[in-house]
Amino acid sequence: HCAKAEGSENIKKGNKMKVNRTKEGTMFEIVCGVLILVMWIVAFVLYKNSPDIVPTHFNAAGNVDATGDKITIIVMAIVGTFVTMFALLAAYKPDKAINIPFTVSKTAQYIKMIRMVRVIAVEIAVLFIVVILMIGEKFNHVWLLYSIVGIVLLTTIVYCVKIYRLKDVEGPEA
């Protein structure tokens, strides 16, 4: 299982959600840690080798439509690190940090929701690596950026459907 969620029978009645560490959770954290490390290596290499002015925005066709200081590369690595870390940390407080469009009250739902944010954390880290490569002018394949955003949205939709379908499941069968 993704997590051992205890006390989640009914969050609205004031019960606390407790998420314990699992091997699966640790593996997601290791993968995200490696991706964050790659993100920073790419950012530092590109910062060192980029001109003072770099692309900072691209239109829908992938053409540069705004430029700025190369410090943007480092800023994007900072933002990417924080967003990825927030997603990973949200898995430990799903009742407070994850908002989906319906009531979640069953353990099986929380287990699936925890897995969803961990998968999204990996996808977000990859997304920021691609953004940093685009800013550093080493990669201009906007289709890949759109594909990753689409994958994040698809992940969210698929997992939300799965979580909703677990509304009548008793126990941790995720």
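Quick notes on the rules
Residues numbered from 1 in each chain as written. Predicted model: local features only at pLDDT ≥ 70, side-chain atom pairs only at ≥ 80, totals over all residues. Heavy atoms only, no water. Patch = residues over 30% accessible without salt bridge, like charges linked within 9 Å, V, L, I, M, F, W, Y side chains within 5 Å. Areas by Shrake-Rupley, 256 points an atom, 1.4 Å probe, with all protein chains shown as cover. Salt bridge = Lys/Arg side-chain N within 4 Å of Asp/Glu carboxyl O. Helix = DSSP H or I, 4+ residues; strand = E, 2+ residues; numbered from the N terminus. Axes fitted to C-alpha atoms, helices over the stretch in contact; angles between N-to-C directions. Parallel < 35°, antiparallel > 145°, perpendicular 65-115°, else oblique. Contact = heavy atoms within 4.5 Å. Nonpolar A, V, L, I, M, F, W, Y, C, P; charged D, E, K, R; others polar. Buried < 20%, exposed > 50% of the residue type's maximum accessible area, 1.4 Å probe, protein only.

Visitor: What am I meant to see in a nonpolar patch on the surface here?
Guide: Side chains of Met27, Ile30, Val34 and Val38 sit close together on the surface and give an oily, nonpolar patch of about 340 Å² of accessible area. Tracing the chain through its elements places Ile30 in helix α1 (residues 23–49).

Visitor: I'm lost on the packing of α1 against helix α4 (residues 107–135) in this one. Help?
Guide: Think of two packed helices as two axes; the pair is described by the angle between the axes and how far apart they sit. Relative orientation of the contacting elements α1 and α4 amounts to 10°, with a least axis distance of 9 Å. Looking at the two axes, α1 sits roughly parallel to α4. Contacts between α1 and α4 pair Glu24, Gly25, Phe28, Glu29, Val31, Cys32, Leu35, Val38, Met39, Val42, Ala43 and Leu46 from the former with Arg115, Arg118, Val119, Ala121, Val122, Ala125, Val126, Phe128, Ile129, Ile132 and Leu133 from the latter. Partitioning the contact of α1 with α4 into residue classes produces 18 nonpolar, one polar and four charged.

Visitor: Would you mind showing me how to read the packing of α1 against helix α2 (residues 71–90) here?
Guide: The N-to-C vectors of α1 and α2 enclose an angle of 175°; their axes lie 9 Å apart at closest approach. As judged from the angle between their axes, α1 and α2 are roughly antiparallel. Listed contacts from α2 to Phe28, Glu29, Cys32, Ile36, Met39, Trp40, Ala43, Phe44, Leu46 and Tyr47 of α1 are Ile71, Ile73, Ile74, Ala77, Ile78, Gly80, Thr81, Thr84, Met85 and Leu88. For the contact of α1 with α2, the class distribution of residues is 16 nonpolar, three polar and one charged.

Visitor: Where do I start with the environment of Trp143 in this structure?
Guide: Note on placement: Trp143 falls in helix α5 (residues 142–165). Each C-alpha atom of the pair Trp143 and Ala60 lies 9.3 Å from the other, and the pair is 83 residues apart in sequence.

Visitor: Sorry if this is basic, but what is going on with the pattern of salt bridges here?
Guide: Here the idea is simple: oppositely charged side chains can pair when their charged atoms come close. Counted according to the given criterion, the structure contains three salt bridges. Between Arg115 and Glu24 there is a salt bridge whose closest N-O contact spans 2.9 Å. With Arg115 in helix α4 and Glu24 in helix α1, this pair connects stretches of sequence that are 91 residues apart. Here Asp168 and Lys167 are joined by a salt bridge, their closest N and O atoms 3.6 Å apart. For Asp168, a relative accessible area of 61% puts it in the exposed group.

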